[in-house]
Amino acid sequence: MAETYKCPSCGAPIEFDGATGKMVCQYCETEVDVSAMDKIHDIYDESVVDETESEKEYCSFDGYRCDSCGAEIVTDENTSATFCSFCGSPTMIRGRLEGALKPQKVIPFRIQKDQAVAAYKKWAGKGLVTPSGFRKQSTIEKITGIYVPFWLYDYGSDAHVSAHATKRRTDRRGNTIYEHTDHFQVGRHIRADFEKIPADASEKMDDRTMDLLEPYNYSDLTDFQMPYLSGYQSEKFSYDSNELAKRAENRVREYILNEARQTITGYSSVSITSANVKLNRNKASYTLMPVWILNYKYKGKTHTFAMNGQTGKVVGKLPKSFGKIAAWFGGIFAGVSGLLMLLGGLLG
Amino acid sequence: MRKNIFKKLALLSTFVVTSVFASGYTPVSGDGNPDDWDIDNSQFVYDYADILTDEEELELQSMCESVGKKLGMDIVIVSSLELGHDAPDGQIEGIENSYRQEYITQFYVEGDYAESGIIYLMDIDYDGIYIARTGLAQVYIDDYDNEKLLDAVWEGYYDYDYIESAETFIEEVEDMVGDRKDDSEFEELEKLWNEGGYDDYDEFMGVYSDKVYEAYEDTFFTKFQNPFLCMIIGAVIALIAVLIMCFSSRPKMTAGSRTYLKNGSLNILHRFDRFTHTTTTTRQVNTSSGSGGGGSRGGSSSFRSGGRSFSGGGRSR
């Protein structure tokens, strides 16, 4: 079922506004609390198919009818919130946001589209070796706010670590220097709990990019309600919590060993000789995280700009101009060499 | 035929003798014993040990005259078979440099050479060399340079190529002092020396040590007179700058273990730090400067002789 939240005053599509944390009508500026939206929402159940019953697990694309204009909306199997490509109305697919697919938590968008656009322009302008043509390219309007599905894992961890450590000291007698190295066997048994370790569950999103967008501020974490998705795109998870557990466990293992290593202090050198880590998964919560994303092509190569929709942290790789790199290299080379020769001539 | 050869030889001898006397140069006789000295300060080559041919002596005399005039100092070369000392048997090592020093400075003083000068002794008696400077020559050539001069001339001396050694001496002095004559810092030092009416180099050093040090030492920027080095440094800096430009905007992972650690959940249940053993390595510190070049070095020093201030150093085979 494709659904669109409508303004209770004028009936126009109404969207979630990150700045106010409320549903705001773009036409009559009516504001409605997110929690109140579902109660007053007039749902039009027009749909091409009964999605909850007939959602085809292995079908790549599904069709729904737009709540506002009646046009057919075609989405891929993971999309849970999108826009009608004819009238632009924000549309949610309830069947992909209910039951086992219902997210437990969500961090709502805090960064608005105009802020994301400004951040992108600033980011694109700061690269000294970025091609001039890239900055002039007007692809910025394609920037999209997406709620990306994540699993947040809670783990208990227990580690036994053994290490070989040394302390060095030196003394001198006559013309002989004695270098003494004291050797120690070091052991630590530590226990720690880690909470809400995120792992993105979207097949489309690059894991590295999503990791770099961390950390999110979990004080904004709230119970999921569908109106938060209005005005943004959203995905349901592509991988369940068991499939992604390995990624989270690797991080917890690294974290607990890091904590253990930090308790071994006062030595000249420390090398871990053995480590035995036991992990206990306590919980995994299905959560949607806000991300602004822009995929663009420059000279046939695809680049991605991503921004944490809550904190504003930017992740991306700017294209490089070899002409600019060569120009910078030549300029600095000539400048530095010339200056040194001048100094050598004047002061040498 | 034989008559012709004799005729040619006679003509050549006449030419050499005529040239020698025309230049004011007189080959010396004797072994160089100080008691037999008869020194003329217009003559700069005294080959008492007879290790040079007349032509070689004449050539050196000509070089000493022209270079000395150019540099404003006397350049004197002496070879000797007799320093006038009988060293105790088995105790020669370490004493010979003091004999050479005394010999060469007395020679310079008795010859009444110019206030500034440099003198090179090839001591065949104890088999070694010695170079001493006086007056402004001490400002232009310091102890370190004296060692460099000794290194340069030692090679020829060591190979019994005495003319090579003597020519090298004159050429090195010409290069060393000639370069510094064009240097404004040395010009200033020369001015200070002349204005102060100095004779004693140590006294001069005491007053102007900082200036002298600055003038002698290569400045930090001297190395940049090498364009190749400048280009290498320029290329390295340009490469680093470009790499920073390319990679500085890369995002960094800012979430770490503490980001997700539950407050108060970290517990150290057991810890031990057990000493097992100690290993020790030793290393020798070399405090002596060592010797090289096939000769034993006597070091350089400042001293007074005949009421004049000298600096010098030497070495033995």
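Reading the values: rules and limits
- Counting restarts for each chain: residues are numbered from 1 in the order of the written sequence.
- A letter from A marks each chain and a number from 1 marks each ligand, given out in the order of writing.
- The model is predicted, so local features are restricted to residues of pLDDT at least 70 and side-chain atom pairs to those at 80 or more, both for listing and for counting; the totals for chains, interfaces and linings are taken over all residues.
- By convention in this description, side-chain values take in all heavy atoms of the structure and omit both hydrogens and water.
- Secondary structure elements follow DSSP: runs of H or I of four or more residues count as helices, runs of E of two or more count as strands, with numbering from the N terminus.
- The contact definition used throughout considers only heavy atoms, calling two residues in contact when any of these lie within 4.5 Å.
- Between buried and exposed lies partly exposed: a residue is buried under 20% and exposed over 50% of the maximum accessible area for its type, with that area taken using a 1.4 Å probe on protein chains only.
- For helices, the fitted line uses only the C-alpha atoms of the stretch in contact; every axis is such a line through C-alpha atoms, and the angle between N-to-C directions lies from 0 to 180 degrees.
- By the definition used in this description, the sense in which the near helix is turned from the far one sets the handedness, with an anticlockwise turn below a right angle giving left-handed and a clockwise turn giving right-handed.
- Gly is put with the polar residues, along with every residue not named as nonpolar or charged; the nonpolar set is Ala, Val, Leu, Ile, Met, Phe, Trp, Tyr, Cys and Pro, and the charged set is Asp, Glu, Lys and Arg.
- By the convention used here, strands pair only if DSSP detects at least 2 bridges between them.
- Cavities and pockets are found on a 1 Å grid laid over the protein atoms alone: a cavity is a set of points where a 1.4 Å probe fits but cannot escape, a pocket is an open set with protein on both sides within 12 Å along at least five of seven lines, and a lining residue has an atom within 4 Å of such a point.
- Grid points are joined across faces, edges and corners, and a volume is the space filled by probe spheres set on the points.
- pLDDT measures the predictor's confidence residue by residue and takes values from 0 up to 100.
- We define buried area as the total accessible area lost by two parts upon association, computed with a 1.4 Å probe and summed across both.
- By convention in these notes, a salt bridge is any Lys or Arg side-chain nitrogen within 4 Å of a carboxyl oxygen on Asp or Glu.
- Side-chain atoms alone can form a polar contact between residues adjacent in sequence; in general such a contact is a pair of N or O atoms within 3.5 Å, and within protein one must be able to donate a hydrogen while the other accepts it.
- Multiplying one less than the number of residues by 1.5 Å gives the expected span of a helix.
- In this context, the arc is that of the directions from the helix axis out to the C-beta atoms.
- Only buried Ala, Val, Leu, Ile, Met, Phe, Trp, Tyr and Cys residues count toward a nonpolar core, and they belong to the same one when joined by side-chain atoms within 4.5 Å.
- Domain delimitation follows an automatic or database domain assignment.
- Angle categories are assigned with fixed cut-offs, so that under 35 degrees is roughly parallel, over 145 is roughly antiparallel, 65 to 115 is roughly perpendicular, and the rest are oblique.

Colleague: Is there a simple way to explain the overall build of chain A in this structure?
Modeller: For chain A, the count of helices and strands is 7 helices and 16 strands. Here the contacts in chain A between residues at least 6 apart in sequence split such that 70% fall between residues at least 24 apart.

Colleague: Explanation requested: the environment of Phe184 of chain A in the structure shown.
Modeller: Along the chain, Phe184 of chain A turns up in strand β11 (residues 176-200). What makes Phe184 of chain A buried here is its relative accessible area of 12%.

Colleague: Sorry, what's going on with the packing of helix α7 (residues 322-347) of chain A against helix α9 (residues 227-247) of chain B here?
Modeller: Running from N to C, α7 of chain A and α9 of chain B cross one another at 145°; their axes reach a closest spacing of 8 Å. α7 of chain A and α9 of chain B meet at a crossing whose hand is right-handed. Looking at side-chain class alone, the contact of α7 of chain A with α9 of chain B contains 20 nonpolar, 2 polar and no charged residues.

Colleague: Can you help me understand the pairing of strand β4 (residues 128-134) of chain B in this one?
Modeller: Each regular strand shows side chains that alternate between the opposite faces of the sheet. Residues and elements named next belong to chain B. Burial analysis of β4 places 7 of its 7 residues in the buried class, the great majority of the element. Side chains Gly128, Tyr130, Ala132 and Thr134 of β4 all project onto a buried face; the interleaved residues Ile129, Ile131 and Arg133 project onto the opposite face, where all are buried too. When strand β3 (residues 117-123) meets β4, the two strands line up antiparallel, connected through 7 bridges. Of the residues in β4, the one forming a bridge with Asp123 is Gly128. Taking the residues between adjacent antiparallel strands as the criterion, β3 and β4 are bridged by 4 residues, where Asp127 takes a positive phi near 60°.

Colleague: In this structure, what is going on with the layout of surface pockets? I would like to understand it.
Modeller: Empty space left among the atoms is revealed by rolling a probe the size of a water molecule over them. Estimated volume of the largest pocket: approximately 530 Å³. For the largest pocket, the lining is made up of 22 residues, of which Thr302, His303, Gly316, Lys317 and Leu318 of chain A are closest to its centre.

Colleague: Could you clarify how one ought to interpret empty space enclosed by the protein in this entry?
Modeller: This model, assessed by the stated rule, comprises 1 cavity of 30 Å³ or more. Volume-wise, the largest cavity comes out at about 70 Å³. What lines the largest cavity is simply Gly127, Val129, Thr130, Gly316, Lys317, Leu318 and Lys320 of chain A together with Met245, Cys246, Ser249 and Arg250 of chain B.

Colleague: Would you mind showing me how to read the confidence of the model for chain B here?
Modeller: In low-pLDDT regions, the fine details of the predicted coordinates are not to be read closely. Residue and element names in this part refer to chain B. Of the residues in chain B, 81% reach a pLDDT of 70 or more, and the chain-wide mean stands at 81. In this model residues 15-22 is a low-confidence stretch, pLDDT under 50, and it forms 7 contacts with partners more than four residues away in sequence or in other chains. Every residue in residues 288-294 scores below 50 in pLDDT, and together they form 7 contacts with partners more than four places removed in sequence or on other chains.

Colleague: Just checking my understanding: could you explain the confidence of the model for chain A for this structure?
Modeller: Looking at chain A, the pLDDT average stands at 83 and 89% of residues meet or exceed 70. Below pLDDT 50 for its whole length, residues 42-61 of chain A participates in 34 contacts with residues either more than four positions away or in separate chains.

Colleague: Where do I start with the interface of chain A and chain B in this structure?
Modeller: Accessible area lost upon the coming together of the parts is a frequently used measure of interface size. Contact residues are listed per partner, giving 63 residues for chain A and 54 residues for chain B. In total, about 5300 Å² of surface goes out of reach between chain A and chain B, with carbon and sulfur atoms giving 61% of it. For chain A, the biggest contributors to the area lost against chain B are His183, Gln185 and Leu340 of chain A; these three give 11% of the whole. Linking chain A with chain B are 3 salt bridges. Between Arg283 of chain B and Glu179 of chain A there is a salt bridge, with the nearest N and O atoms lying 3.2 Å from each other. Run the count over chain A and chain B and you get 30 residue pairs in polar contact (both at pLDDT 80 or more). Those elements giving two or more residues to the side of chain A that touches chain B turn out to be β10 (144-173), β11, α5 (207-212), α6 (241-262), β16 (314-316) and α7 of chain A. Here the side of chain A that touches chain B takes 23 residues from β11 of chain A, the largest share from any one element. The residue makeup of the side of chain A that touches chain B, split by class, is 29 nonpolar, 16 polar and 18 charged. Where β11 of chain A and strand β5 (residues 267-284) of chain B come together, 16 bridges link them in antiparallel fashion. Residue Gln185 of chain A lies in a different strand from β5 of chain B, and its bridge partner there is Arg274 of chain B.

Colleague: Please explain the pattern of salt bridges as it appears in this structure.
Modeller: Think of it this way: side chains of opposite charge can pair up when their charged atoms draw near. Counted under the stated rule, the structure contains 20 salt bridges over all chains. A salt bridge links Arg247 of chain A to Asp211 of chain A; its shortest N-O distance comes to 3.1 Å. Residue Arg247 of chain A is located in helix α6, and its partner Asp211 of chain A is located in helix α5; the two are separated by 36 residues in the primary sequence. In this structure Asp211 of chain A comes out as buried when scored by relative accessible area, which is 16%. Ionic pairing is found between Arg100 of chain B and Asp123 of chain B, a salt bridge with its closest N-O pair at 2.7 Å. Placement of the pair is Arg100 of chain B in helix α3 (residues 96-110) and Asp123 of chain B in strand β3, with a sequence separation of 23 residues. A residue is classified by how much of its surface remains accessible, and Asp123 of chain B, at 0% relative accessible area, is buried. Linked by salt bridges that have partners in common, Asp200, Asp207, Asp211, Glu214, Arg247 and Arg251 of chain A make up one network.

Colleague: What is the right way to look at the pairing of β10 of chain A in this model?
Modeller: Residue and element names in this part refer to chain A. The pairing of β10 with strand β14 (residues 269-298) spans 23 bridges and is classified as antiparallel. When the sheet's bridge partners are listed, Phe150 is paired in β14 with Thr287. By the bridge criterion, 2 bridges tie β10 to strand β13 (residues 233-235) in an arrangement that is parallel. For Ile146, the partnering residue across the bridge sits in β13 and is Gln233. As paired strands, β10 and β11 are joined by 23 bridges and run antiparallel to one another. Along β11, the bridge assignment pairs Asp171 with Tyr178. The turn linking β10 back onto β11 is made up of 2 residues, and Gly174 within it adopts a positive phi angle of 65°.

Colleague: Help me understand helix α3 (residues 113-125) of chain A in this model?
Modeller: An α-helix turns once per 3.6 residues; consequently, residues spaced three or four apart project the same way. All names here are of chain A. The terminal C-alpha atoms of α3 lie 18 Å apart, and with 13 residues this matches the ideal 18 Å at 1.5 Å per residue to within 8%. Turning to α3, its buried residues are Ala116, Val117, Ala119, Tyr120, Trp123 and Ala124. The buried residues of α3 occupy an angular sector of 165° when the element is viewed end-on, so they sit on one face. Facing away from the buried side of α3, by more than 90 degrees, are the exposed residues Asp114, Lys121 and Lys122.

Colleague: Sorry if this is basic, but what is going on with the nonpolar core here?
Modeller: Most often, soluble globular proteins keep nonpolar side chains buried together rather than apart. Residues Tyr120, Tyr147 and Phe194 of chain A are the most contacted members of the largest nonpolar core, which totals 81 residues. In this structure, this core is formed jointly by two domains, domain 1 (2-102) and domain 2 (150-203 + 237-288) of chain A, each of which donates at least three residues. Core analysis: the next-biggest nonpolar cluster, separate from the first, contains 62 residues, Tyr103, Tyr113, Ile131 and Tyr198 of chain B among them.

Colleague: Can you walk me through the packing of helix α5 (residues 143-158) of chain B against helix α6 (residues 162-181) of chain B in this structure?
Modeller: In a packed pair of helices, the relevant descriptors are the angle between the two axes and the axis-to-axis distance. Residues and elements named next belong to chain B. The contact between α5 and α6 brings their axes to 7 Å, and the two run at 155°. When the axes of α5 and α6 are compared, the pair comes out roughly antiparallel. Where α5 crosses over α6, the handedness of that crossing is right-handed. For the pair formed by α5 and α6, the contact residues are Asp145, Lys148, Leu149, Ala152, Val153, Gly156 and Tyr157 on the first element and Tyr162, Glu164, Ser165, Thr168, Phe169, Glu172, Val173, Met176 and Arg180 on the second.

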